[in-house]
Every structure is written in structure tokens, then in C-alpha cells.
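Residue strings, one per chain:
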Amino acid sequence: MESTRTTDRSDVVDYLHDQLRDSLAELVTSDDWQRALAVAARFHDYSFSNTRLIWAQSLARGFTPRRVAGYRAWQGLGRQVRKGEKGLQILAPVVRKVAAEDGEEKEEERRVVGYRVVHVFDIAQTDGEPLPEVTAALVDGELPADWNHVTNLITEAGFGFQVADDQRLGEANGITDWRHRDVVVRASLPGAQRFKTAVHELAHVRLHEPESGDRPACRGIVEVEAESVAYVVCAALGIDSAGYSLPYVASWSGGDVTKVTATANRVIGCARTVFTEIEHHRELQLDPASNESLVQTQPSPAVELPPSSELMEVLEAAVTFYRHQLENDSRERALRFLHSRGIGEEATSVWHLGWAPDSWRALTTALLDQGFSEDILIEAGVAGRARTGRLYDRMRNRVVFPVFDPSGRPRGFAGRLLEGEGPKYLNTPETELYRKRSLLYGLHLAQEPIREIGNAIVVEGYLDVIAAHQAGFTNAIATAGTALTSEHLHQLGQIAGKVTLAFDGDNAGLRAVERVAELDLAGRQLRMSVVRLPPERDPADLLIDNTRSFQQALAGAIPIEHHLIEQIVGAHNLKEPEATARAIRQASSVIARVTEPRDRAQATEHLARTTGRDPAIIEMALAQARSARCRHPVREIGIG
């Protein structure tokens, strides 16, 4: 029966993607759209740096930039720059032919030899006939009942989620902020449009991790994929977003229908997974059959929440069930995976690791047979309720990591997918007991070593924690499916004076350090240092190879402000005086946030050594940074 339903869902998604392609082809062949696309193609795609310059100058003059072009380009479009309007300054490359030697032959090639200032103007600075617009109509209607299901999928992926008219949105309806790992959807949107936008951002989360080798290099393709997923998922759920999605996809693809076809496999795969998960991961505390708005629905006063002791009993029973599954005949794949990551039988037992079989109701049936009610299973976060009203297991086909509180009591689970569709890691949703912002994985075993040593090693993954403990680093912990928070740091501050961040040696790990620095540099509750791991390696990798490698990496940890300084300086060419000055200014803003005098002095000396400049110059820049208003670095965002 289940395989038939899966086939039906796949057929629906395939059909809807074909519908998107055909509808788009019909749309872009119309005369109005041909004119609009021809005009859109004449606008230059400015670099990231020039886009920043355009926005900063426009906002300083009191308008938001929409369409920007040069003086003659506007004349070619039948519009005239108003007399007295001041142009927006950007940098244009100076390209010259230079001789290139290749063996004995000499050829000329074109190279960028410098940059010059040119001026452009926004449409708000021009007069003339209106330009044909590529417009999209907002999706009208109330907030769908599946709203919470989509937002849960976003938070389960380790992202924060908020509905707000945040200034980061600019002109966008939603953003995926990769630097801070959160998603924002505009609050003032109609309910149905808000839902569509959330699905769009969920597609970014699933498909477009910046460091992923699978992420398309072209921004247009990225947006085509995200909006195509949103269109297909919404249509499958009975929400008509064509009036918005078709123009959106058409504009980002430049009217090229082949781009939609080229992205079909990724779009269909993502849409199919999201659609399936929405169907089966219903809001845990609400009856999906209810026609009331999710925002307005509230529990009946006559219904009492189960006490925490009952929830704990359910979780303890689930730990036992998953552990038993790892010991029976279905364990082979899970054990092979754990062994490949250096996790032995003893560690498997100590950490109560388990296996969630590839079944929709294995755990649910076992717990119901033990006398637990359906409501308590949902409240504990181990089961969800399908549209049919039946319960289903939240964890399936996953290695299971129970998450315990400092007293050793289970609070929830993390599941690592071994194969098939779905997020790599799936966490228990927020419940009365499972609060990701305050739970630390492994703290029940690490708290005493942390107290004795006075230092907590924070790693990113569950496997990293276990591998560290196996190797004798028993003061290692990790977060439980979210970024390190101020609540985590406060908790660690009660038992340690120092935290060592041993995050993965990739760009995501570097950004994670930056997020922690924003939480702690100013408050300075803890002395924080950063371990520099080799590129694309994590602690478990090093520990599998050689325990000494990880020990040496820990010994080479540097203060977090020194790490940030090196990252900033490393991004600038110190052979160029202007670039060096910018690096010093940016690094000085980091030092200005350090309140401890000794730490600030050491950071100043480190910046002087790193840049090869006189400490007196650094002190001058630091004084300017203290008096200036601190500005956050620009975030990389996905806009939907």
C-alpha cells in the first residue's frame, strides 16, 4: 500500500513539473513578455561589490534601487536622466591588450589592468515612458494548514525561522541567511504567499548550501530551482501559485525554458521529498483535520499536558527500542557505518546508539503495545500524525543518537540518514523536554571532565563527540541540531572558564566560529580559542587517522579574536596599501569589541604582526573603530 502511495506522489510531482515547463513556454512566447524580457536583458548584472556601492549610495539619497543603467543605456530605452541628478559611482574594469609570451611565440591577450570610476543611474532618477515590467502577482489566500509543517522542516535542518519585516529583506519576500543560519519570511505578506515563500526558502536550504559542490554557480539557476520547487509543492498541496511562480521563474531564467528542463532532476527530487515529508510530518500538537488557522488554534482548557515524568518514560522506552534494533538482524548497515567512522562496540553501548528501521510504524506500534497513548507519543516528539489520522514514526532508516540532559535523562533524538531521500540529519522537534537552544550533546558524560580541566571542547557533530571521548578527550561536547547559542555559552560558563572551538575545517566551520564570536566577544564570559583543522577535515577524521594529530591541533588553538583577525587579513592583498588599510580597519572593529584590557592588547599586537605594520598605526585605527558605529559584515543570502 505504501509503495503505491509513493508511486502516486512521484507521478504527481513529475506531472506538475511538466506543467510548469509547458506553462512557462506558453507565457514567454507572448508579445508582452517578449518585450519585457528584451528590456530586462539590457540591464547589466553588477558584481557583488558594485551592488553594495549602488545600494549604499541609493539609500543615503533616500530611495531604494530598482533598475540601474548608464546614461546612454537609459536613452536607448527611451528614458532620460533628469537634469541635475547625481550618478551612482561604481568601479568598471580597465581592459587592455598585453603581450603574453608562450614559449617562443608572442600573442596578445586582453587583461584587466585596473579599475576606473563610472556613473550609473537608477530608474527613479529618470523620466520617460514606463518600461514593460516582468511582474508577478502575490499568491492570495489564508495561511494553509501545512504552514507549521514547512517551518518545522526548516528548523529541523538547523536553521532559525522567523516571520518579520526584517530590514535584511530589502525588496525580497524572504531570505535564507547562510552566515547566521536562519530564514526570514516577510510578515506583511498574504498567508498563502507567506507559505509559498517559506517553501522557496526551504528549497534553498535543501539545495543551495554555499560550500556544496552541487550548488549551481549561476544565481539565476539557483532561483529557478527554488521557485520551481515552491510551485510544484504548492500545486501538489492544492495551492495555486502560478501567477507568482511563472513570472518569477521566467525572469530569472531569461525566458529560457531549457533551463527549467536542465534543472528537472534536482527540482523533482527536492519537491518529491518535501511533499512526502509534509504529508507525513504533521504538526505534532494539532489535529491535521482541523479547519482552523494554525496561528489561531489553541489547546482546549479541558486538556491537560502530560507531566514530564510520562514524557521521560516514553523517551526511555524509545531509547531501549532503538538500541534493541541495533542489536538484531537489521543492524548490519548501521554498524558498518559506525565502524567506518571509528565508533566501536563499547562506544555504541556507552552512548546508547540505536537504529530506526525503515518502517513507518515500528516504534509507534511497540510503544502503543506498552500502553502509552497516542497523545503522549506525539507530545514526546517520537511520532507524528498523518492526514489519515494514523501515527507514524518520525525516525526511519537512520542511525539514532539519543540526546541526554546533564543528569543523563533522554530529551530527544538525532537521526543520521544512511541512504535514500531526506535531510542528512533529522532532530526531534521542539517539545516540552527537547529545547535545542539549551541542550548540549554529550554534556552528561563530559561535565565532570570539563569541571576538572576547566575547558570544554566544542565540536560540530555527534560522531565527532563520540570519537573524541573514545580517544580520551572526554571534555568534548556538541550542540543538538543548532548553532551554538548564548544559552549554551551561559551553561558552559557555570562549569568552565574556557571554551575551545574545534569546528570542521571548511567554510561552514569558519562561519560557525564567526557566529560564536558575535555572541561572546563583547560579553567575554569565557576565554575562547579556535582549533584550526586541515581543510575539509573534521575531528573524527583526524582521530581515525591519528590521535596525535588532533592533540597537536588542540595545542595550536589560538584566541578567537586572533583567528578572526587572521581571516580578515587573509582576505586582503597586503601588497596594496588601500587593501591593507581596509584590513586594519575591519580587524580593528573586532578588537574594539574585546572588553578585557589584556586580551585587547594581545589582539592589537597580533594584528600588527600579521600585517607587518607599526603597533602605533593599529592603535590609531582601533581608536577610530571605538568611536564609530560597529557595522556587521554583509551576509550571503538567498532571496525568494
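All values derive from a computational prediction rather than experimental measurement.

(A) Molecular detail of unusual backbone geometry. Notably, H352 is not glycine yet its phi reads approximately 55 degrees, a positive angle. Positive phi values are uncommon outside glycine, yet N397 reaches one of about 55 degrees. Of note, N397 is situated in the loop between β11 (391-393) and β12 (398-404). By relative accessible area, which is 8% here, N397 ends up buried.

(B) Highlighting the packing of aromatic side chains. Evaluated as defined, the whole model comprises twelve aromatic pairs. Centre to centre, the rings of Y322 and F413 are 5.3 Å apart; their planes meet at 80 degrees, and the pair counts as edge-to-face. With Y322 in helix α11 (residues 308-327) and F413 in strand β13 (residues 410-417), this pair connects stretches of sequence that are 91 residues apart. Owing to a relative accessible area of 1%, F413 belongs among the buried residues under this scheme. Judged by centre distance (5.7 Å) and plane angle (45 degrees), the ring pair of Y425 and Y462 falls under tilted. Of this pair, Y425 sits in strand β14 (residues 425-427) while Y462 sits in helix α17 (residues 462-470), and the two are 37 residues apart along the sequence. Given the relative accessible area of 26%, Y425 is considered partly exposed. Here a set of aromatic residues connected by ring pairs shows up, and it is made of W351, F401, Y425, Y441 and Y462.

(C) Structural context of the environment of V150. Assignment of secondary structure puts V150 in helix α5 (residues 147-156). You can call V150 buried: its relative accessible area is 0%. Sequence separation of V150 and F275 is 125 residues, and the distance between their C-alpha atoms is 9.6 Å. Not counting the four nearest positions on each side in its chain, V150 is found in contact with F195, A198, V199, L202 and I278.

The rules behind each value
- Starting afresh in each chain, residues are numbered from 1 along the sequence in its written order.
- Confidence filtering applies because this is a predicted model: local features only for residues at pLDDT of at least 70, side-chain atom pairs given and counted only at 80 or more, and all residues used for totals across whole chains, interfaces and linings.
- Note that water and hydrogens are dropped before the side-chain values are worked out from all heavy atoms of the structure.
- Helix and strand assignments follow DSSP, with helices taken as H or I runs no shorter than four residues and strands as E runs no shorter than two, numbered in order from the N terminus.
- Burial classes follow relative accessibility: with a 1.4 Å probe on protein chains only, a residue under 20% of its type's maximum area counts as buried, one over 50% as exposed, and anything between as partly exposed.
- Each Phe, Tyr or Trp ring (for Trp, its six-membered ring) is paired with any other whose centre lies within 6.5 Å, and the angle between the two planes then decides the class: stacked below 30 degrees, edge-to-face above 60, tilted in between.
- Residues are treated as being in contact if the distance between any of their heavy atoms lies within 4.5 Å.

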